[in-house]
Structure formats: C-alpha cells, structure tokens
Amino acid sequence: MRVLIVEDEPYLAEAIRDGLRLEAIAADIAGDGDTALELLDVHAYDIAVLDRDIPGPSGDEVAARIVASGSGLPILMLTAADRLDDKASGFGLGADDYLTKPFDLRELVLRLRALDRRRAHNRPPVLELAGLRVDSFRREVRRDGHPIALTRKQFAVLEVLVAAGGGVVSAEELLERAWDENADPFTNAVRITVSALRKRLGEPGVIATVPGVGYRIDVDGPRGEEGTWTGRPG
C-alpha cells in the first residue's frame, strides 16, 4: 500500500510516515496543497490522508479535486477539526473516513487497511494465488498452508505481485508501489528484495522473472534457471 500524507506540520508528517513504514505502508509527504496536487498527478496512491488546514489549496480543495478526477482514490481526513459539523462537511466533500487529532497511530493504520480493502476494485482482504495466501490485514503469508515469515518490504512486494493475479509487474512498478518517492530509480533494491523473497518462499520457485519486463507469480508455466519464466507471456 502507498499513501499520500498531506500535512503541513513536518514533525507530525514525518512521524506518521515513519510509523507507517514500520507497518509496510509506503508514504509520501506533501506539506501544502500545491505539492499534494503535483504528487497526485505523478504517482498512483492507494489512499490520500488529508489535513484540512494547509497552505495553498486547502485540504478541502484537494479532496474536491480528487473526487472530481473520478479516480476513486479513498480519502481519509486527519484533522483537528473535531466538531460534528466539521465531520459532516468533510464527508460531504467526499471523505471516506475522518480521524481527529490527537490520534493513535495504531488506529490510523487500522483505518487505512480498512479503506484499502474497500477500494473501488473490490480487492479481497485475503489474496490467494499459486498456493500462496496473503492476508493484508493481519500481514500473514502462508504457502500451501504453511506460515512464511517475511520482512515488511518482502511482504509489500509479494502483496503487489499476488494482487497482479499472475500478470507481469515491472521493477519500476514495484518500486512505485512498495517503496516511496525517496527510492532511487537506479537502485537494485527490487532485485535484492525479490531474490530474498524467493528464498523465504522456498522451493519450487513461485516468482518468475520475465527477462526485460519484470516479475510475476508463476501460475501456469515451467521455470527456467533462477526462476526465469520460459512459458508464453500472461
């Protein structure tokens, strides 16, 4: 999951981002409305977390722009405006959830995961493919019924691959979905993480490399050396 945090208090924004990273949720920060709109144009986010009182276009204006775009991007308003009228107006603008400050990070994580489960594409909370069972809410992975212990980043990468349903996911897309805007596009972090993930998942290998294209969960083709997929493209 990758979220956009729109918050003009830098210490709070960084604390939220760092806390979410510990829960395998990648997060980018925008300190004002203009930056938020720029990031929304460039990156594909799963959820926008909006403070209403920010410089430039307000959080309300950013929410209105998201709704008008028709993207279906869920919006969680995270704000000190805690009156019932404030909440009513926030939901009226198109917010999917509303959390007032001060708040507990654990509650924010739970709400983000709940919103992610209810996204427009109706992705199920538990993904199953090729003997893999990925429970995004509990952050549990099983293969053929056996639990697999993964690091947070390995889990995030596997979640993206399984959600693709056997389709090919490029290294660039994995970097986009499982890391954040600070990730170096020239890094070999994706290759290293996928290699470590393969070892954790065990044999027979289930993550195939499609040379020059990316990676996929191997559901129907034979594997060549080092997990290279040798069947027809899916």
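Scroll up a little and you will see the structure.
This is a predicted model, so every value here is computed, not measured.

Colleague: Would you mind going over the pattern of salt bridges with me for this structure?
Modeller: Pairing between side chains of opposite charge can happen when the charged atoms of each approach one another. According to the stated counting rule, one finds 11 salt bridges in the structure shown. The shortest N-O distance in the salt bridge between Lys101 and Asp51 comes to 3.3 Å. Taken together, the residues Lys101 in the loop between strand S5 (97–100) and helix H5 (105–117) and Asp51 in the loop between strand S3 (47–50) and helix H3 (59–69) connect sequence positions 50 residues apart. A residue is classified by how much of its surface remains accessible, and Asp51, at 6% relative accessible area, is buried. Taken together, the salt bridges that share partners define one network made up of Glu7, Asp51 and Lys101.

Colleague: Whenever I open this one, the sheet that holds strand S4 (residues 75–79) confuses me. Can you help?
Modeller: The strands that make up a sheet pair up through hydrogen bonds in the backbone, lying either parallel or antiparallel. Read from one edge to the other, the open sheet built from 5 strands follows the order S2-S1-S3-S4-S5, with strand pairing classed as parallel. One side of each edge strand has no neighbouring strand; the edge strands of this open sheet are strand S2 (26–30) and S5. Pairwise comparison of adjacent strand axes, ignoring direction, gives a mean angle of 20° for this sheet. The pairing of strand S1 (residues 2–6) with S3 spans 4 bridges and is parallel. Paired with Ile5 across the two strands is Val49, which belongs to S3. Sheet strands touched by H3: S3 and S4. Its angle to S4, the strand with the most contacts, is close to 175°.

Colleague: I tried to follow the nonpolar core on my own but got confused; where do I start?
Modeller: Taken as a class, soluble globular proteins show a tendency for nonpolar side chains to be buried jointly. Core analysis: the largest hydrophobic core is formed by 27 residues, its most contacted members being Leu158, Leu174, Ile207 and Ile217. Tallying contributions element by element places helix H6 (residues 152–163) first for this core, with 7 residues. Those residues in contact with Leu174, other than ones at most four positions away along the chain, are Val157, Val160, Leu161, Val169, Trp179, Val190, Val194 and Tyr215. If you look at the next biggest cluster of nonpolar residues, it comprises 19 residues, including Ala30, Tyr45, Ala48 and Leu73.

Colleague: Please explain the environment of Arg138 as it appears in this structure.
Modeller: With respect to the helices and strands, the residue Arg138 is situated in the loop between strand S7 (132–135) and strand S8 (140–143). Sequence spacing of Arg138 and Arg113 is 25 residues, and the spatial spacing of their C-alpha atoms is 9.7 Å.

Definitions and cut-offs
- Residues numbered from 1 in each chain as written.
- Predicted model: local features only at pLDDT ≥ 70, side-chain atom pairs only at ≥ 80, totals over all residues.
- Heavy atoms only, no water.
- Salt bridge = Lys/Arg side-chain N within 4 Å of Asp/Glu carboxyl O.
- Helix = DSSP H or I, 4+ residues; strand = E, 2+ residues; numbered from the N terminus.
- Buried < 20%, exposed > 50% of the residue type's maximum accessible area, 1.4 Å probe, protein only.
- Pairing = 2+ DSSP bridges.
- Axes fitted to C-alpha atoms, helices over the stretch in contact; angles between N-to-C directions.
- Contact = heavy atoms within 4.5 Å.
- Core = buried A, V, L, I, M, F, W, Y, C linked by side-chain atoms within 4.5 Å.

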